[in-house]
Amino acid sequence: MNITNKYDLPEVLVKFARAKNYNRGDAKLSVTQLINSPRIVALQERHHDEMEQDISDVLFSLLGTATHYVLEQYSEEEVITEQRYFHTINGWKISGAIDRQVKVNGGRVLEDWKVTSAYAAMSGKSEWEEQLNCYAYLVRVHGYAVVGLKINAIIRDWARRNAGKDGYPEAPIMQIDVPLWTFEEQENFIKQRIALHAATVMDDPPMCTPDERWMKPDQWAVIKVGNKRAFKVFLTEAEAQELVAQKSGFTIVHRPGQPTRCMSFCPVKQFCDYGSTLEESNEADSNSAG
């Protein structure tokens, strides 16, 4: 993958990004790939040499990498850092590198560090739970007990003025407990994910699911005539119509759901039929609006 620098940012960042050494070993899939969209993983593998990414789009990822370097240098003696495990299941070798394994009475607590948003830290993300439980499976098959899972979230957009309000983080870093599945649940999940990735070994991998596209639902905004901002937003048209029937001078605007990942965060959008069509449609809308 080629790293570009369209905003002429300090060259040291570009050098750091290009030197970033990720290696899943001889595994077929890493855990992060396993839980990712099979279509995205397949297209990344197929078009790796053609892909470009600007340094401005990976700054927070680089911050996460720098955090891992610090963890390796200064972790406590009873903590295992950046240990990679391998295991073959249903003929597929998977691997996962765990940020920290803290030795406690009865087993180990696995920790993963994330540079993330306050919203994500407050609401949690399903992929965090999936990732850590896959790591726990790898540790367990190697004979070690796992008694807990945690996310250490570094909150990139933390604002002191919001601290403590409605569950907002008190500090720009917080530790989040993650549910620990049974060994059987972990194994079944991994087998299901392997089956999905196995189905992508073809010229046209299956399209991403709505969840994988980070699809936002349709919304119906009730807006006072003459205003731009919504008075209230509903997930069903019926609810919006009920409110408008009770108030005069209001109208309803339908806001179609948007595939957030496809629009702004997909690394292989240009190689995906759905993503490239979406981009062309957005460009056409922009041109017609202009």
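Everything below is about the structure printed above this text.
So, here is what we can say about the structure in this document. (Residues numbered from 1 in each chain as written. Predicted model: local features only at pLDDT ≥ 70, side-chain atom pairs only at ≥ 80, totals over all residues. Heavy atoms only, no water.)

### Structural notes on empty space enclosed by the protein
Next, step 1: Scanning the model with the defined rule gives one cavity of 30 Å³ or more in all.
Next, step 2: Of the volumes computed, that of the largest cavity is approximately 120 Å³.
Next, step 3: Lining the largest cavity we find 15 residues, and of these Ile 40, Cys 208, Cys 262, Cys 266 and Cys 272 sit closest to its centre.
Next, step 4: When contributions to the lining of the largest cavity are tallied by element, the ones reaching two or more residues are α3 (38-47), α9 (260-265) and α10 (273-289).
Next, step 5: Counting residues per element, the lining of the largest cavity draws most heavily on α3, which supplies three residues.
Next, step 6: Here the lining of the largest cavity is built from residues that sort into nine nonpolar, one polar and five charged. (1 Å grid on protein atoms, 1.4 Å probe; cavity = no way out; pocket = protein on both sides within 12 Å on 5 of 7 lines; lining within 4 Å. Points joined across faces, edges and corners; volume = space filled by probe spheres on them. Helix = DSSP H or I, 4+ residues; strand = E, 2+ residues; numbered from the N terminus. Nonpolar A, V, L, I, M, F, W, Y, C, P; charged D, E, K, R; others polar.)

### Re the nonpolar core
Next, step 1: Ranked by internal contacts, the top residues of the largest apolar core, which has 36 residues, are Leu 110, Cys 134, Leu 149, Ile 151 and Ile 190.
Next, step 2: Looking at this core, the elements that each hand over two or more residues are α2 (31-34), β4 (79-89), β5 (92-104), α5 (118-123), α6 (126-141), β7 (146-155), β8 (173-178) and α7 (183-198).
Next, step 3: Ranked by residue count, the leading element in this core is α6, at eight residues.
Next, step 4: Filtering out sequence-adjacent residues up to four positions away, Ile 190 remains in contact with Leu 34, Ile 89, Ile 94, Cys 134 and Tyr 137.
Next, step 5: Listed in part, the eight residues of the second largest apolar core include Ile 40, Leu 43, Val 268 and Phe 271. (Core = buried A, V, L, I, M, F, W, Y, C linked by side-chain atoms within 4.5 Å. Buried < 20%, exposed > 50% of the residue type's maximum accessible area, 1.4 Å probe, protein only. Contact = heavy atoms within 4.5 Å.)

### Section: the pairing of strand β9 (residues 219-224)
Every regular strand shows the same layout, with side chains that alternate between the two sheet faces.
Next, step 1: As defined by bridge partners, β9 adjoins strand β11 (residues 250-255) across six bridges and the pair is classed as antiparallel. Each residue of the ladder has a partner; that of Ala 221, found in β11, is Val 253.
Next, step 2: Two elements, β9 and strand β10 (residues 232-234), share three bridges in a ladder whose sense is antiparallel. Pairing of Val 222 across the sheet is with Lys 232, part of β10. (Pairing = 2+ DSSP bridges.)

### Remarks on the pairing of β4
Next, step 1: Of the strand pairs in this sheet, β4 and β5 are connected by 10 bridges, and their pairing is antiparallel. If you follow Gln 83 over to β5, its bridge partner there is Ile 98.
Next, step 2: The hairpin formed by β4 and β5 contains two residues between the paired strands, and Asn 90 there has a positive phi angle of roughly 50 degrees.

### Quick look at the pattern of salt bridges
Next, step 1: Applying the stated criterion to the full structure yields eight salt bridges.
Next, step 2: Its salt-bridge partner being Lys 125, residue Glu 127 comes within 3.6 Å of it at the nearest N-O pair.
Next, step 3: For Glu 127, a relative accessible area of 26% gives the class partly exposed.
Next, step 4: For Lys 125, a relative accessible area of 33% puts it in the partly exposed group.
Next, step 5: Sharing partners across several salt bridges, the network here consists of Glu 76, Arg 100 and Glu 111. (Salt bridge = Lys/Arg side-chain N within 4 Å of Asp/Glu carboxyl O.)

### Thoughts on the environment of Leu 63
Next, step 1: Tracing the sequence through the fold places Leu 63 in helix α4 (residues 59-74).
Next, step 2: Assessed through its relative accessible area of 40%, Leu 63 is described here as partly exposed.
Next, step 3: Here the alpha-carbon distance between Leu 63 and Phe 183, two residues 120 residues apart in the chain, equals 33 Å.

The quantities given are spatial measurements derived from coordinates; they are silent on function.
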